[in-house]
Amino acid sequence: MSEQLKFIVEQLNKDPFKKTFNLITFDSLEPMQLLQILNDVLAEIDPKQALDIREEMPEHTVKRMCALLGMLKYKPPGNQSDVSSFRQGLVIGSKPVVHPILHWLLQRVPELKKRAYLARFLVKLEVPAEFLQDDVINDTYHQYEELVEGFKTYHKECEQLRTSGFSTAEIRRDISAMEEEKDQLIKRVERLKKRVESVSNHQRMLDQARQLRVEKEREESLAHQKQEQKNQLFQAEQRLQRLQQQLKDMRQAAADANPESLMKRLEEEIKINSYMVSEKLPKELEGMRHTVQYLQKVASEPAMGQTDLQELEDKIKEVDSQINQLIEKKMMRNDPMDDKLTLYRQQASIIIRRKEAKAEELQEAREELAAAERELRQRTNQARTSDGEVIRGDELKRLVGKLRSKGTLYKKKRQEIAELKAEYGVLQRTEEILKQRHETVQQRLQTVEAEKGISGYSNTQEELERVSAIKSELDEKKGRTLDDMSEMVKKLNSMIVEKKSALAPIIKELRSLRQRCQELSQEYDEKKAQYESCAAGLESNRSKLEQEVKALREETAQEENRYHHINCMSEGSVHEEYYRAGVTWQEVA
């Protein structure tokens with residue numbers, strides 16, 4: 001219970017609830033506050049549940065919560081009487097009722113969100129049968145069912161697209177790249193049009209190019225038609241050969257057959273088909289039905305948690321122990337009549353297994369025949385499409401002979417496998433009988449040992465023999481490992497000596513190169529210092545010159561402005577004097 005509370009508090013303190021609970025504050029909540037928290041969690045799953053329960057009647061609140069929990073496939077613990085107590089506890093906000101609901105909801109919030117979303121569209125409305133007698137209502141209800149089925153298909157396609165790995169960003173990038181390519185192609189077409197317009201008779205050339213394209217398309221269509229006609233001819237030839245072969249086989253069968261053999265063959269086929277229809281196929285169909293019922297039962301139940309799995313494992317262990325106890329009781333009875341009947345039961349089981357094996361072989365042979373026919377059709381289609389050489393005449397007969405020899409060899413091997421399987425069944429049953437006898441002998445031996453006062457002697461003797469055998473094996477392994485380790489050490493020493501001798505001249509050369517490297521690095525540092533000092537001096541001189549140039553340019557600009565200003569002032573004063581004197585500028589000019 002403490003782990004349950006801890007999990008609930010941790011989940012409520014996270015997004016999207018963002019509560020500030022601890023174990024003490026959560027455990028001390030009032031029933032109304034606890035119900036409000038439960039309603040908030042349900043509102044996170046289904047937004048329609050977002051409301052304040054203080055503004056709602058308690059009966060309506062419990063009815064709404066129970067409906068949503070039933071839709072989410074939450075099962076309250078216990079039987080029907082516990083269900084009524086569960087409703088009553090939900091009305092009063094009981095902690096033993098609300099806490100398990102919160103724990104179950106917070107464990108699977110994303111899954112329950114999806115289930116609640118789908119339930120809005122997939123839970124069908126219940127329409128009374130008398131209302132469906134109306135044609136308008138009936139048509140509307142059928143349209144509603146079709147829309148529900150359409151929603152299922154669209155939702156599956158949406159989920160497949162979400163899980164397929166496509167992203168909208170990649171699609172947008174592809175679209176933008178395609179648009180850029182389109183713009184580039186439009187520009188190229190415009191450039192080509194401009195280039196072609198300068199050529200004389202360009203319209204006639206364009207018409208001829210258009211006619212050439214049409215003729216090429218026509219040529220491609222004619223080649224396609226020619227290929228199709230070749231394929232049809234080849235198919236007709238193959239069909240003719242197959243029909244001729246069937247006619248030949250039927251003539252041979254009619255020439256060699258008599259009514260008795262035909263009746264016998266038909267009776268065998270009828271027996272095989274009746275066995276397949278009456279015994280084998282009903283068993284397989286019943287097994288498939290049981291499997292489907294079991295899967296439907298599993299799919300209808302809610303998702304199991306760790307506690308449910310643990311309970312199922314405990315039940316499985318209890319059932320296994322009961323089965324073992326029943327087997328021990330049956331073995332202790334040791335009925336002599338059963339011992340007499342074991343031989344007949346064994347023979348009957350062997351015959352049944354052989355019969356089932358032969359039926360399976362027949363089914364496999366039919367499947368292989370169908371697969372061979374499909375492969376033959378595929379190969380013929382490939383031969384038609386690839387225009388390859390068709391095998392005919394002597395080569396075909398040689399291949400047929402090879403296939404027949406391989407088929408006979410395959411049948412022999414399958415018969416050997418069936419015999420080995422039957423022998424394996426006999427040996428398995430013999431092993432079981434011997435094990436039972438061994439157990440009875442062991443029990444008698446234990447009773448004799450107990451009567452003689454040396455109980456456990458045989459077990460001790462076997463244990464000593466086993467320990468001695470293990471000890472001898474360990475001693476042999478130790479000896480082998482020591483020899484292997486000594487050989488490995490010798491190999492490693494020899495490899496080390498070889499590597500040292502190979503590395504000696506390289507190390508000697510490396511020392512001289514290291515000394516040369518040190519000298520060059522020292523020379524590099526000196527040159528670098530000289531370069532940096534020279535560069536710093538030149539940089540300072542350059543900055544001084546730039547400042548002087550900047551000052552001179554500013555001074556030049558000021559002088560130019562002053563010159564233009566004085567020039568304008570002088571021209572204005574001259575115009576004013578002429579105006580006063582009554583002389584125009586044109587007269588002066």
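Our subject is the structure that appears above.
Description of the structure in this document. (Residues numbered from 1 in each chain as written. Predicted model: local features only at pLDDT ≥ 70, side-chain atom pairs only at ≥ 80, totals over all residues. Heavy atoms only, no water.)

1. Topic: the overall build of the protein chain
Move 1: Scanning the protein chain from N- to C-terminus turns up 16 helices and 0 strands.
Move 2: A burial count over the protein chain gives 13% of its 589 residues as buried.
Move 3: Across the protein chain, contacts joining residues at least 24 apart in sequence account for 64% of those joining residues at least 6 apart.
Move 4: For the protein chain, the accessible surface area stands at approximately 49,400 Å², while carbon and sulfur atoms represent 56% of it. (Helix = DSSP H or I, 4+ residues; strand = E, 2+ residues; numbered from the N terminus. Buried < 20%, exposed > 50% of the residue type's maximum accessible area, 1.4 Å probe, protein only. Contact = heavy atoms within 4.5 Å. Areas by Shrake-Rupley, 256 points an atom, 1.4 Å probe, with all protein chains shown as cover.)

2. Some details on the nonpolar core
Move 1: Counting residues in hydrophobic clusters, the biggest one holds 35 residues, and the most contacted among them are L12, F26, L38, L90, I101 and L105.
Move 2: Elements that contribute at least two residues to this core include exactly α1 (2-13), α3 (31-45), α4 (58-71), α5 (80-92), α6 (95-107) and α7 (109-122). (Core = buried A, V, L, I, M, F, W, Y, C linked by side-chain atoms within 4.5 Å.)

3. Concerning the pattern of salt bridges
Move 1: Applying the stated rule across the entire model yields 15 salt bridges.
Move 2: We note a salt bridge from K95 to D27, for which the minimum N-O separation is 3.6 Å. Placement of K95 in helix α6 and of D27 in helix α2 (residues 23-27) is noted, with a sequence separation of 68 residues between them.
Move 3: Under the relative-accessibility criterion, D27 is labelled partly exposed at 36%.
Move 4: Between D207 and R210 there is a salt bridge, and its shortest N-O distance comes to 2.9 Å. Separated by 3 residues within a single helix, D207 and R210 lie in helix α10 (residues 202-256), roughly one turn from each other.
Move 5: Taking the relative accessible area as the measure of exposure, D207 reaches 30% and is therefore partly exposed. (Salt bridge = Lys/Arg side-chain N within 4 Å of Asp/Glu carboxyl O.)

4. Some words on a negative patch on the surface
Move 1: A cluster of acidic residues, D308, E311, E313, D314 and E318, forms a negative patch on the protein surface.
Move 2: Among the secondary structure elements, E313 is positioned in helix α12 (residues 306-333).
Move 3: When its relative accessible area of 42% is taken as the criterion, E313 is described as partly exposed. (Patch = residues over 30% accessible without salt bridge, like charges linked within 9 Å, V, L, I, M, F, W, Y side chains within 5 Å. Lys, Arg positive; Asp, Glu negative; His and termini not counted. Charge placed at Lys NZ, Arg CZ, Asp CG, Glu CD.)

5. Observations concerning helix α8 (residues 135-163)
Move 1: End to end, α8 covers 42 Å across 29 residues, agreeing with the expected 42 Å (1.5 Å per residue, within 8%).
Move 2: Taken together, the buried positions of α8 are occupied by Y141, V148, G150, F151 and H155.
Move 3: In this structure, the buried residues of α8 make contact with α7. (Expected span 1.5 Å × (residues − 1).)

6. Brief notes about a positive patch on the surface
Move 1: Together, K187, R188, R191 and R195 give the surface a local cluster of positive charge.
Move 2: Note on placement: R188 falls in helix α9 (residues 168-197).
Move 3: Residue classification places R188 among the partly exposed positions, given a relative accessible area of 48%.

7. Quick word on the packing of aromatic side chains
To describe a pair of aromatic rings, you give the distance between the ring centres and the angle between the ring planes.
Move 1: Tallied over the full model, the rule gives 6 aromatic pairs.
Move 2: Plain terms: the ring middles of F121 and F151 are 4.7 Å apart, the flat faces sit at 35° to each other, and that makes the pair tilted. Of this pair, F121 sits in helix α7 while F151 sits in helix α8; the two residues are 30 residues apart in sequence, bridging distant segments of the chain.
Move 3: With relative accessibility at 33%, the residue F121 sits in the partly exposed group.
Move 4: Pairing Y141 with Y144 gives two aromatic rings, centres 6.0 Å apart and planes at 40°, and the pair type is tilted. Placement of the pair is Y141 and Y144 together in helix α8, with a separation of 3 residues, close to one helical turn.
Move 5: Taking relative accessible area as the criterion, Y141 reaches 17% and is therefore assigned buried.
Move 6: Residue Y144 is classed as partly exposed on the basis of its relative accessible area, which comes to 23%. (Phe/Tyr/Trp six-rings, centres within 6.5 Å; stacked < 30°, edge-to-face > 60°.)

8. So, the packing of α1 against α6
Move 1: Viewed as axis vectors pointing N to C, α1 and α6 meet at an angle of 55°, and their least axial separation amounts to 10 Å. For the element pair α1 / α6, the angle class is oblique. The crossing of α1 and α6 is left-handed. Contacts between α1 and α6 involve Q4, L5, F7, I8, Q11 and L12 on the former and, on the latter, H99, P100, L102, H103, L106 and Q107.
Move 2: The class makeup of the residues in the contact of α1 with α6 is 7 nonpolar, 5 polar and no charged. (Axes fitted to C-alpha atoms, helices over the stretch in contact; angles between N-to-C directions. Parallel < 35°, antiparallel > 145°, perpendicular 65-115°, else oblique. Left-handed = near helix turned anticlockwise from the far one by under 90°. Nonpolar A, V, L, I, M, F, W, Y, C, P; charged D, E, K, R; others polar.)

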